[in-house]
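# Overview (structure and organization)
Residue-level listing of the chains:
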Amino acid sequence: VQLQASGGGLVQPGGSLNLSCAVSGSIMFTTSDAAWYRQAPGKQRELAARILSFGKADYADSEKGRFTISRDSAKSTVSLLMNRLKPEDTAVYYCNMEEVRAMQKYDYWGQGTQVTVSS
């Protein structure tokens, strides 16, 4: 299973970025949960947003109202639209897929994409 993240970059405070994660390989995309995590320098990786297989989305408190996670089953992609970005959003963003098969949970990770919010 491969997860290819893209869309990161340098943006000014108040700007927007749209991250995308292309999922390929032996995974049942439609029945797997998807998420975006982020890790700022010197900090632990934390959940930014998650979208369950049936479409319900959850966000970290600091992202509510600014970030929108979505998934496209036809393209096997997961996106994270980030608006009104703040310097504290600077981090490496990782996409994640969680699959359950035969009562066993499997976690898959992308390579990460850097997001830098700075003037």
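Here we come to unusual backbone geometry. Even without glycine at this site, Ala102 takes up a positive phi of about 50 degrees. By the secondary structure assignment, Ala102 is in the loop between strand 9 (91-101) and strand 10 (104-109). The class for Ala102 is exposed, based on a relative accessible area of 79%. The phi dihedral of Met103 falls on the positive side, at around 65 degrees, and the residue is not glycine. Judged by its relative accessible area of 83%, Met103 falls in the exposed class.

So, about the environment of Ser20. Mapped onto the secondary structure, Ser20 falls in strand 3 (residues 17-24). Along the sequence, Ser20 and Ser70 sit 50 residues apart, while their C-alpha atoms lie 9.6 Å from each other.

With that settled, consider the state of the cysteines. One pass over the structure, following the stated rule, counts one disulfide. Between the sulfur atoms of Cys21 and its disulfide mate Cys95 the distance is 2.2 Å. Taking the sign of the S-S torsion, about 55 degrees here, the bridge from Cys21 to Cys95 comes out right-handed. In this pair, Cys21 sits in strand 3 while Cys95 sits in strand 9, placing the two residues 74 residues apart along the sequence.

For side chains of opposite charge, pairing can occur when their charged atoms come near one another. Considering all chains together, one arrives at eight salt bridges under this definition. In this structure, the salt-bridge partner of Glu46 is Arg38, at a minimum N-O distance of 2.9 Å. Given the relative accessible area of 6%, Arg38 is considered buried. Note that Arg38 and Glu63 form a salt bridge whose closest N and O atoms lie 2.8 Å from each other. Of the two residues, Arg38 is situated in strand 4 (residues 33-39) and Glu63 in the loop between strand 6 (57-59) and strand 7 (67-72); the sequence distance between them amounts to 25 residues. Note on accessibility: Arg38 and Glu63 belong to one class, buried. By sharing partners, the salt bridges in this structure join Arg38, Glu46, Glu63, Arg66 and Asp89 into a single network.

If a strand is regular, its side chains alternate between the two faces of the sheet. With five of its six residues buried, strand 8 (residues 77-82) lies for the most part within the structure. Relative to strand 8, strand 3 runs antiparallel, the two being bridged by six bridges. By the bridge assignment, Asn18 is partnered in strand 8 with Leu81. Hairpin remark: strand 7 followed by strand 8, antiparallel, with four residues in the connecting loop; positive phi at Ser76, about 55 degrees.

Tallied over the full model, the rule gives one aromatic pair. One residue, Arg45, lies across the ring of Trp109, its end atom 4.7 Å from the ring centre. The ring of Tyr106 carries the charged tip of Arg101 above its face, separated from the ring centre by 4.1 Å.

About the cut-offs
Residues numbered from 1 in each chain as written. Predicted model: local features only at pLDDT ≥ 70, side-chain atom pairs only at ≥ 80, totals over all residues. Heavy atoms only, no water. Helix = DSSP H or I, 4+ residues; strand = E, 2+ residues; numbered from the N terminus. Buried < 20%, exposed > 50% of the residue type's maximum accessible area, 1.4 Å probe, protein only. Disulfide = S-S within 2.5 Å. Salt bridge = Lys/Arg side-chain N within 4 Å of Asp/Glu carboxyl O. Pairing = 2+ DSSP bridges. Phe/Tyr/Trp six-rings, centres within 6.5 Å; stacked < 30°, edge-to-face > 60°. Lys NZ or Arg CZ within 6 Å of the ring centre and 35° of its normal.

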